Amino acid sequence: MISRKEFLKQAAYLSAGTMLPFSFGRLSDPNIAAPDITILYTNDTHARLDPFPSNAKEFAGLGGIARRASLVKKVRATQKNVLLLDAGDVFQGTPWFDVYGGKVDLKLMTEMKYDAMAVGNHEFDRGTDGFAEAAQKAGFPILASNYSVRNTPMSSFVQRQLIKEFKGFRIGIFGLGIELNGVVNRDLYGNVRYSDAERTARRMVESLRGFHRCDYIICLSHLGYQYTDNRPNDVKLAGSVEGIDLIIGGHTHTFLDEPVIRENPEGKPTIITQMGHSGVRVGRLDLRFSEMNVDHQFRFYTIDGK
Amino acid sequence: MLTRFFVVLITSVLFAGCTLFRPATVEEEKVPLEYPGPDTEIASLLDAHRSQLNRLMNVEIATVKDTLRFGKPESVLGNLVSDAIRSRAANELGAYVNMGIIGESSFKLFFEPGRLTLGEMYEFMPYKNHLVVLTLEGQRVTELINQVAEIGGAPVSGVRFRIDNENTARGVLVNSEVIDPHKKYRVATSSWAADGGDVFPALWEAEERVDLNISVRDVFVDYFRGKSEIYDITDGRIR
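Our subject in this report is the structure included herewith. Because the structure is predicted, anything quoted here is derived from the model rather than measured.

Along the chain, Lys72(B) connects to Pro73(B) via a cis peptide bond; the corresponding omega equals 0°. Within the secondary structure, Pro73(B) sits in the loop between strand 4 (60–64) and helix 3 (76–93). Phi at Asn151(A) takes a positive value of approximately 60°, unusual for a residue other than glycine. Structurally, Asn151(A) is set in the loop between strand 6 (147–148) and strand 7 (158–159). The backbone of Arg213(A) sits at a positive phi, close to 55°, despite the residue not being glycine. Turning to its location among the elements, Arg213(A) is positioned in the loop between helix 7 (197–211) and strand 11 (216–221). Residue classification places Arg213(A) among the exposed residues on the basis of a relative accessible area of 52%.

What follows is the structure, given as structure tokens:
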């Protein structure tokens, strides 16, 4: 019996051979009722385990991990293949971090069955030892492909990539962290070494697509959405590295109401998305694989108490 | 419980070898979606850790008598925090400090009447910045005050002025005196503002900088503890 993946590869080959104009996406059928994969994601949750207090200058009453968990459970009840991801900066922002150093966050994220998170700059706020202590509570991979953590306390808690397979589709996920020098105190990051984000991304895509045979690539990025200067950022990454399908971003706390799409060097779309901060929003992308193409349906949820 | 969501469908169109793509916003709507309240399992796990949190953080440091907010041109909280860093900097340094300045974007809470707790102070100022004293020439101080005026006011201490219709500072007095362009002034601020964060470029090229080994959050905790009761009083330093 031919696997669905093989079937689609053959179909893709045939379609490519025709050289006829054709289009994808079902404009007449805008809702992906039965997605192959549903991706839920957050970024920069910043220890916001409880909703914002009533005297918060912004977002009073919004957020809260128990309500987020409830939403995730509801989605899982109807969708079989759910990926739950976070783009980093789980640490720092409320007294929960000052008392527990991120342990409670990572423990509850494990209970919620997060599949992976990226390493944000605030993950270094209690040094590499503090990270390692909290990371023992994480029952899911913490990803950073451009940080060398060898000979540091972080070495057994950070990995470069994660591959998930659903219905024969292989999803390659890798993490990118921000340049540490100038952003994180040197005493805190110790012997962790940063490597160029774009160069690393290129190598990760080559390996994930070529060696690991992934069909779809997700970058969990803590680089930031966009800068006016030359620092690596999600928009720049999308335009300069081919083969990334989706960048789930963080760091700049950007509330993107819609995904931003950039043409990558091979002329294909790379989708960029980011959900502000503090778990105020949860992003959702429903993916449906069809011949030569992946349909995406995007939505976001605002976690409020009303 | 209600959750709103927006739906956007992304489609790719491949045309004779070249790919065109754009988000096709075929549907964008607010859809109410009922879902259960907070997940009980996660909520109880969180609550299991709450007594330790409360023991350390639910500690009263002052009583707030009115609703206190940040705002422009001046505000009760803006005045309090800038006075706090200026007076603490003077104490730590053992020298007169002319000004205090800290942007209000660093602060995440306003105060409601009642107990002010240590936990609230961690949310009030969630960042790990420390106290810095910069030395600026008088002409830089004038630039700084104009940068404050341009944005309609900011938390400052040691200064009085009014903002005219063109958002320029008028009648500027620092410690009740007109600014001497060649005199040197000590300005207390946060490490973040001094490092190039915040919105006051005049702070970024100081002649001298002293980093004090004290977090600005601790400065506020100690300052509010010392006040014990906090009222809604402003003094017209920016008009």
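Our next topic: the sheet that holds strand 12 (residues 246–248) of chain A. Paired through their backbone hydrogen bonds, the strands of a sheet run either parallel or antiparallel. All names here are of chain A. Reading across from one edge, 8-9-11-12-14-13 is the order of the six strands in this open sheet, with mixed pairing throughout. The open sheet is flanked by strand 8 (161–166) and strand 13 (260–263), the only strands paired with a single partner. Averaged over neighbouring strand pairs, the angle between their axes works out to 20° when direction is ignored. With six bridges joining them, strand 8 and strand 9 (residues 169–176) adopt antiparallel strand pairing. When the bridges of strand 9 are listed, Gln161 appears paired with Phe174. Sheet strands in contact with helix 7 are strand 8, strand 9 and strand 11, and its direction is about 160° off that of strand 9.

Now for the packing of aromatic side chains. Counted by the stated rule, this structure contains 20 aromatic pairs over all chains. Ring centres of Phe70(B) and Phe107(B) lie 4.9 Å apart, and the angle between their planes is 25°; on these two criteria the pair is classed as stacked. Residue Phe70(B) is found in the loop between strand 4 and helix 3, and its partner Phe107(B) is found in the loop between strand 5 (99–101) and strand 6 (114–117); the two are separated by 37 residues along the sequence. Here Phe70(B) falls in the buried class, since its relative accessible area comes to 12%. Within the aromatic cluster, the residues linked to one another by ring pairs are Phe70(B), Phe107(B), Phe111(B), Phe124(B), Phe220(B), Tyr223(B) and Phe224(B). For the cation-ring pair, Arg126(A) lies above Phe97(A), with the distance from its terminal atom to the ring centre recorded as 5.1 Å. Over the ring of Phe110(B) we find Arg69(B); its NZ or CZ atom is 4.1 Å from the centre of that ring.

About the cut-offs
Per chain, residues are indexed from 1 in the order of the written sequence. Here every chain gets a letter starting at A, and every ligand a number starting at 1, in the order they are written. Given that the model is predicted, a residue must reach a pLDDT of at least 70 before its local features are reported, and side-chain atom pairs must reach 80 or more before they are shown or counted; all residues, however, enter totals for whole chains, interfaces and linings. Side-chain metrics rest on all non-hydrogen atoms present in the structure, leaving aside hydrogens and water. By the criteria applied, helices consist of DSSP H or I runs no shorter than four residues and strands consist of E runs no shorter than two, each listed in order from the N terminus. A simple rule labels every residue: compare its accessible area, found with a 1.4 Å probe on the protein chains alone, to the largest value its type can have, and call it buried under 20%, exposed over 50%, or partly exposed in between. Only strands that DSSP links by at least two bridges are regarded as paired with each other. Here, axes are lines fitted to C-alpha atoms. For helices the fit covers the stretch in contact, and angles between N-to-C directions go from 0 to 180 degrees. Only heavy atoms enter the contact rule, under which two residues are in contact if any of them lie within 4.5 Å. In this scheme Phe, Tyr and Trp rings, the latter by its six-membered ring, pair at centre separations within 6.5 Å, and the angle between planes marks the pair as stacked below 30 degrees, edge-to-face above 60, and tilted otherwise. A ring is scored as having a charge over it whenever the NZ atom of a lysine or the CZ atom of an arginine sits within 6 Å of its centre and within 35 degrees of its normal.

In short, shape yes, function no, at least from these values alone.
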